[in-house]
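Chain by chain, the residues run as shown.
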Amino acid sequence: MSEQVDAIVLVGGRGTRLRPLTLSAPKPMLPTAGVPFLTHLLSRIRAAGISHVILGTSYQAEVFSAHFGDGASLGLELEYVVESEPLGTGGAIGNVAHLLREDTAMIFNGDILTCCDLGSLLRAHRDTSADVTLHLTKVSDPRAFGCVPTDPDGRVTAFLEKDPNPVTDQINAGTYVFSREVVEAIPTDRPVSVERETFPGLLADGAVVTGYIDSTYWRDLGKPSDFVAGSADLVRGIAPTDALPGPIGDFLALEGATIAEGATVTGGATIGRDCVVESGAVVDGAVLFDGARVRSGAVVRASIVGRDAVIGSGTTLCDVVIGDRSVIGTGIELLHGARVWPDVTLADGSIRFSADA
Ligand code: GDD
Ligand code: MG
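Residues numbered from 1 in each chain as written. Chains lettered and ligands numbered in written order. Predicted model: local features only at pLDDT ≥ 70, side-chain atom pairs only at ≥ 80, totals over all residues. Heavy atoms only, no water.

Novice: How should I be thinking about the overall build of the protein in this particular structure?
Specialist: Looking only at helices and strands, the protein has eight helices and 30 strands in total. In terms of overall size, the protein behaves like a compact globule, its C-alpha atoms giving a radius of gyration of 21 Å where 357 residues would be expected to give roughly 21 Å. Each principal axis of the C-alpha distribution contributes one length, and for the protein these read about 60 × 45 × 35 Å. Counting across all 357 residues of the protein, residues that qualify as buried make up 56%. Considering only contacts in the protein between residues 6 or more positions apart, those separated by 24 or more positions represent 51%. With 27 positive and 45 negative side-chain charges, the protein shows a spacing of 4 Å between the two charge centroids. (Helix = DSSP H or I, 4+ residues; strand = E, 2+ residues; numbered from the N terminus. Rg over C-alpha atoms; globule rule 2.2 N^0.38 Å. Buried < 20%, exposed > 50% of the residue type's maximum accessible area, 1.4 Å probe, protein only. Contact = heavy atoms within 4.5 Å. Lys, Arg positive; Asp, Glu negative; His and termini not counted. Charge placed at Lys NZ, Arg CZ, Asp CG, Glu CD.)

See the structure below:
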């Protein structure tokens with residue numbers, strides 16, 4: 001990136017859609033393809049030539065600095081700002097204004113996996129002399145996102161957060177370029193939503209808000225099905241990263257993981273440190289956190305299995321989340337978004353979705 005910018009990463013959300021996993025770790029710190037998700041994002045920021053990164057933290061703020069420290073190991077200069085009460089996505093941005101060094105800031109939602117070219121995004125911002133430039137992408141169901149129509153010149157005409165009747169399939173992809181003045185104008189004495197207050201306010205005031213529309217890989221990892229899909233895409237090289245702790249392949253096994261002969265591990269699955277996958281088990285596109293055990297003949301598909309959890313023989317999991325240390329007995333069937341809280345024991349055969357399963 002020819003001109004320097006500061007990066008601001010918003011990581012203060014509570015990650016409620018990923019509970020119970022986010023009870024013990026903030027969402028950007030959950031292991032994704034073997035490392036905290038934020039490591040992938042930070043390495044992408046570094047690869048774009050940005051070195052000064054400010055993390056806007058709130059929920060479990062101390063976990064970030066304990067892991068990343070001053071950022072030197074990633075070639076970054078990391079600074080942390082802690083909100084004692086969450087300031088919302090806008091307040092979090094305004095709250096770091098005093099640490100900015102440059103005239104332009106690139107701002108990242110901390111849960112987005114994308115190949116968007118950050119250099120091109122910044123060039124688009126400069127070329128249009130915009131106050132704010134938003135990365136926009138198209139999705140099949142825009143209702144869970146910020147809906148952002150643009151005119152033929154690429155100027156943003158409205159910002160409609162989580163609209164039940166979206167006027168376009170073009171959405172806010174969660175990466176922005178702001179001029180420093182825009183950052184400095186955001187109030188910090190109360191919670192502010194950048195989506196519901198700052199963007200609509202800028203548009204009403206006639207500010208130049210431009211869309212940078214692209215169609216590269218994009219995914220918000222905020223819910224379990226997207227979390228596992230994003231992790232599997234990183235493992236298989238579909239979503240590129242410099243931070244994968246192993247070669248690209250059909251699965252990733254971390255140090256100390258044991259995969260028995262006769263087990264099938266596929267679909268971009270991650271087998272965490274010291275996990276055991278026993279003979280005849282199938283782990284397909286799932287994420288096993290460190291120390292998890294999948295017993296013989298169990299099938300774990302597109303699910304997240306928490307630390308030190310145990311999945312019993314012959315049990316089937318599909319699209320579920322298992323909390324840390326839970327023990328799922330034998331012959332159980334858990335499907336379709338089921339969530340088991342940490343430290344729960346499910347007795348053998350206790351849950352089935354069909355009588356003959
Ligand atoms: N520091 C701080 N303080 N960060 C926060 C706060 C806060 O009070 N609230 C949320 N965040 C962070 C979250 O940690 C996350 O990284 C980011 O802000 C966005 O919050 P999400 O909870 O993930 O929002 P979303 O996914 O529902 O919607 C947002 O992202 C979509 C794209 O994925 C919005 O920006 C939508 O407009 C957008 O389409
Ligand atoms: Mg999100």
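Novice: How should the nonpolar core be read in this particular structure?
Specialist: Nonpolar side chains tend to gather and get buried jointly when the protein is soluble and globular. Of all hydrophobic cores here, the largest spans 46 residues; its most connected members are Val9, Leu38, Ile45, Val53, Met106 and Ile304. Here this core gets five residues from one element, more than from any other, and that element is helix H2 (residues 37-47). Both of domain 1 (6-224) and domain 2 (250-354) provide at least three residues apiece to this core. Residues within four places of Leu38 in sequence aside, it is in contact with Val9, Val11, Pro28, Leu55, Phe64 and Phe68. If you look at the next biggest cluster of nonpolar residues, it comprises 29 residues, including Ile8, Phe178, Ile186 and Leu202. (Core = buried A, V, L, I, M, F, W, Y, C linked by side-chain atoms within 4.5 Å. Domains from an automatic or database assignment.)

Novice: How should the pattern of salt bridges be read in this particular structure?
Specialist: Side chains bearing opposite charge may pair, as long as their charged atoms lie close to each other. Considering all chains together, one arrives at 17 salt bridges under this definition. For Asp290, the salt bridge identified is with Arg273, shortest N-O distance 3.4 Å. Taken together, the positions of Asp290 in the loop between strand E20 (287-288) and strand E21 (293-294) and Arg273 in the loop between strand E17 (269-271) and strand E18 (276-277) put the pair 17 residues apart, joining distant regions of the chain. Assessed through its relative accessible area of 33%, Arg273 is described here as partly exposed. Its salt-bridge partner being Asp343, residue Arg325 comes within 2.7 Å of it at the nearest N-O pair. Of the two residues, Arg325 sits in the loop between strand E26 (321-322) and strand E27 (327-328) while Asp343 sits in the loop between strand E29 (339-340) and strand E30 (345-346), which places them 18 residues apart along the sequence. A residue is classified by how much of its surface remains accessible, and Asp343, at 51% relative accessible area, is exposed. (Salt bridge = Lys/Arg side-chain N within 4 Å of Asp/Glu carboxyl O.)

Novice: Explanation requested: unusual backbone geometry in the structure shown.
Specialist: Among all residues save glycine, negative phi is the norm, and among peptide bonds the norm is trans. At the junction of Arg19 and Pro20, the peptide bond is cis and its omega measures out at 10° in the coordinates. As for its placement among the helices and strands, Pro20 is situated in the loop between strand E1 (6-10) and helix H1 (21-24). Not every positive phi belongs to a glycine, and Asp319 is a case in point at roughly 60°. Its location among the elements puts Asp319 in the loop between strand E25 (316-318) and E26. Even without being glycine, Arg325 reaches a positive phi, approximately 65°.

Novice: Before we go on, may I ask you to explain the coordination of the magnesium ion (ligand 2) in this structure?
Specialist: Note on metal geometry: ideal angles are 109.5 degrees for four donors arranged tetrahedrally and 90 or 180 degrees for six donors arranged octahedrally. Around the magnesium ion (ligand 2), the donor atoms from the protein are Asp111 (OD) and Asp220 (OD), and they sit 2.1 to 2.3 Å away. Taken together, the residues span a long stretch of sequence, with Asp111 in the loop between strand E6 (104-109) and strand E7 (112-114) and Asp220 in strand E13 (residues 218-220) at a distance of 109 residues. Residue Asp111 is classed as buried on the basis of its relative accessible area of 8%. A relative accessible area of 15% means that Asp220 is categorised as buried. (Donors = N, O, S within 2.8 Å, 3.2 Å for Na, K, Ca; no water.)

Novice: Where do I start with the domain arrangement of the protein in this structure?
Specialist: Many analyses report the size of an interface as the accessible area lost when the parts associate. Splitting the protein by domain gives domain 1 (6-224) and domain 2 (250-354). Every contact between the two is made by 13 residues of domain 1 and, on the other side, 16 residues of domain 2. A buried area of about 1,000 Å², summed over both sides, lies between domain 1 and domain 2, and 70% of it is on carbon and sulfur atoms. Contact with domain 2 buries surface across domain 1, with Pro20, Leu21 and Pro224 losing the most and accounting together for 47% of the total. Our count for the domain 1 to domain 2 interface comes out at zero salt bridges. Counting across the interface, domain 1 meets domain 2 through three residue pairs in polar contact (both at pLDDT 80 or more). Here the side of domain 1 that touches domain 2 gets three residues from one element, more than from any other, and that element is H1. Taken together, the residues of the side of domain 1 that touches domain 2 break down into eight nonpolar, three polar and two charged. (Buried area = accessible area lost by both parts, 1.4 Å probe. Polar contact = N/O pair within 3.5 Å; in protein donor to acceptor, adjacent residues only side chain to side chain. Nonpolar A, V, L, I, M, F, W, Y, C, P; charged D, E, K, R; others polar.)

Novice: How should I be thinking about the sheet that holds strand E14 (residues 251-253) in this particular structure?
Specialist: Either a parallel or an antiparallel arrangement is found when strands of a sheet pair, and the pairing is made through backbone hydrogen bonds. A sheet is described by the order of its strands in space; here six strands give the open sequence E14-E17-E20-E23-E26-E29, paired in parallel fashion. Sheet topology places E14 and E29 at the edges, where each strand pairs with a single neighbour. Judged from the three bridges that link them, E14 and E17 form a sheet pairing that is parallel. Following the sheet pairing, Leu252 is matched in E17 by Thr270. (Pairing = 2+ DSSP bridges.)

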